Amino acid sequence: MRQGRTRCSPCRWECRLGSAPIMAEQIEQDATIAARGGGTTVGIVPWTTPVHVFPGHAFDIYDEDAVVVAAETATATPTGATDVATYVELFEELEKLACFGDEAVEHLERIAGEYREPAKSLGGGGWFSALPEEDALRLACDWIPLANEGRVYAEHYTKFMIRHDDLAAARWDKALSVTVFDAP
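One structure accompanies this document, and this report is about it. (Residues numbered from 1 in each chain as written. Predicted model: local features only at pLDDT ≥ 70, side-chain atom pairs only at ≥ 80, totals over all residues. Heavy atoms only, no water.)

**Some words on the overall build of the protein**
For clarity, the threshold we go by: Put simply, DSSP H or I for four residues or longer makes a helix, DSSP E for two residues or longer makes a strand, and each gets a number counted from the N terminus. A simple rule labels every residue: compare its accessible area, found with a 1.4 Å probe on the protein chains alone, to the largest value its type can have, and call it buried under 20%, exposed over 50%, or partly exposed in between. Pairs of residues are marked as contacts when any of their non-hydrogen atoms sit within 4.5 Å. Note that accessible areas follow from Shrake-Rupley with a 1.4 Å probe, and for residues the cover is restricted to the protein chains shown.
Scanning the protein from terminus to terminus reveals five helices and nine strands. Its helices and strands taken in sequence order, the protein reads β-β-α-β-β-β-β-α-α-α-β-β-α-β from the N to the C terminus. Put simply, the protein has 184 residues, and 31% of those count as buried. Look at the contacts in the protein between residues 6 or more apart in sequence, and 53% of them connect residues 24 or more apart. About 11100 Å² of surface is accessible on the protein, with carbon and sulfur atoms providing 53% of the total.

What follows is the structure, encoded as structure tokens:
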């Protein structure tokens, strides 16, 4: 996101920061800001976009003079030209991957809809549709599908799932294979 000369690193909703309705309202507000344009530009990197860069933490760039880096337990403010240039380059690479305007609004509206109907966000029914809404929401917030095996057999198919933090840390051994059996 850009606001004037300030650039904020991309965020992904990797966990729920409130109830599902609150998250949907927050994302809908982002969609409103994206649609309005003006001094703020909102870009979205869709989950389906192949990426070659990944920010390990949130950061904000201020006029290319300083960067505020948010880590898990502390905040740093690098001001050295080399440090700032590293984050400017990372932001520019992420910006190339992002969509803006109407396309960004469409993605935000879809994500808000997934918070309103969490079971559908994991693929539109299937094995988790019988779960209580809270459990389906937790799955949608903590896990993402890596791939789905095509339906070779009418009775079952396989999904490969991984937690967001394991994906970010490239812990591929933590991925799970989930086979869904549908009664014929």
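Here the narrative resumes, following the displayed structure.
**Quick look at the packing of aromatic side chains**
This is how it is decided: The aromatic pairing rule takes the rings of Phe, Tyr and Trp, using the six-membered ring of Trp, and pairs them if the centres are within 6.5 Å, calling planes under 30 degrees apart stacked, those over 60 edge-to-face and the rest tilted.
Applying the stated rule across the entire model yields one aromatic pair. With centroids separated by 4.9 Å and ring planes inclined at 55 degrees, the aromatic side chains of Phe59 and Tyr87 adopt a geometry described as tilted. Separated by 28 residues along the polypeptide, Phe59 in strand 4 (residues 58–62) and Tyr87 in helix 2 (residues 81–97) bring together distant segments of the chain. Owing to a relative accessible area of 15%, Tyr87 belongs among the buried residues under this scheme.

**Things to note about helix 1 (residues 20–36)**
Inclusion rule: By this rule, a helix spans an expected 1.5 Å times one less than how many residues it contains. This arc is built from the directions going out from the helix axis to the C-beta atoms.
Over its 17 residues, helix 1 runs 24 Å from end to end, which matches the ideal 24 Å to within 8%, given 1.5 Å per residue. The set of residues buried in helix 1 consists of Ala20, Met23, Ala24, Ile27, Ala31 and Ala34. Burial along helix 1 is one-sided: seen end-on, the buried residues are contained in an arc of 100 degrees. Away from its buried face by more than 90 degrees, helix 1 exposes Glu25 and Arg36. Of the residues flanking the end of helix 1, it is Gly37, one or two places downstream, whose phi is positive at about 70 degrees.

**Regarding the pairing of strand 5 (residues 66–70)**
Every regular strand shows the same layout, with side chains that alternate between the two sheet faces. We apply this condition: Criterion used throughout: strands pair if DSSP finds at least two bridges between them.
Here strand 4 pairs with strand 5 via five bridges, running antiparallel. Bridging across to strand 5, Phe59 finds its partner in Val69. What sits between strand 4 and strand 5 in their antiparallel hairpin is a turn of three residues, with Asp63 showing a positive phi close to 50 degrees. Both strand 5 and strand 6 (residues 75–76) contribute to a ladder of two bridges, which runs antiparallel. Within strand 6, the residue paired with Val69 across the bridge is Ala76.

**Focus: helix 2**
The terminal C-alpha atoms of helix 2, which comprises 17 residues, lie 25 Å apart, in line with the 24 Å expected from a rise of 1.5 Å per residue. Those residues of helix 2 that fall on the buried side of the exposure criterion are Val84, Tyr87, Val88, Leu90, Phe91, Leu94 and Leu97.

**What about a negative patch on the surface?**
Rules: Surface patches are defined over residues having more than 30% relative accessible area and no salt bridge, joining like charges when they lie within 9 Å and nonpolar side chains (Val, Leu, Ile, Met, Phe, Trp, Tyr) when within 5 Å. In what follows, salt bridge is the name for a side-chain nitrogen of Lys or Arg lying within 4 Å of a carboxyl oxygen of Asp or Glu. Just so you know, the count uses Lys and Arg for positive and Asp and Glu for negative, and it drops His and the chain ends. A charged residue contributes its charge at one atom only: NZ of Lys, CZ of Arg, CG of Asp or CD of Glu.
Residues Asp102, Glu103, Glu106 and Glu109 make up a contiguous surface patch of negative charge. Structurally, Glu103 is set in helix 3 (residues 101–116). Overall, Glu103 belongs to the partly exposed group, its relative accessible area being 45%.

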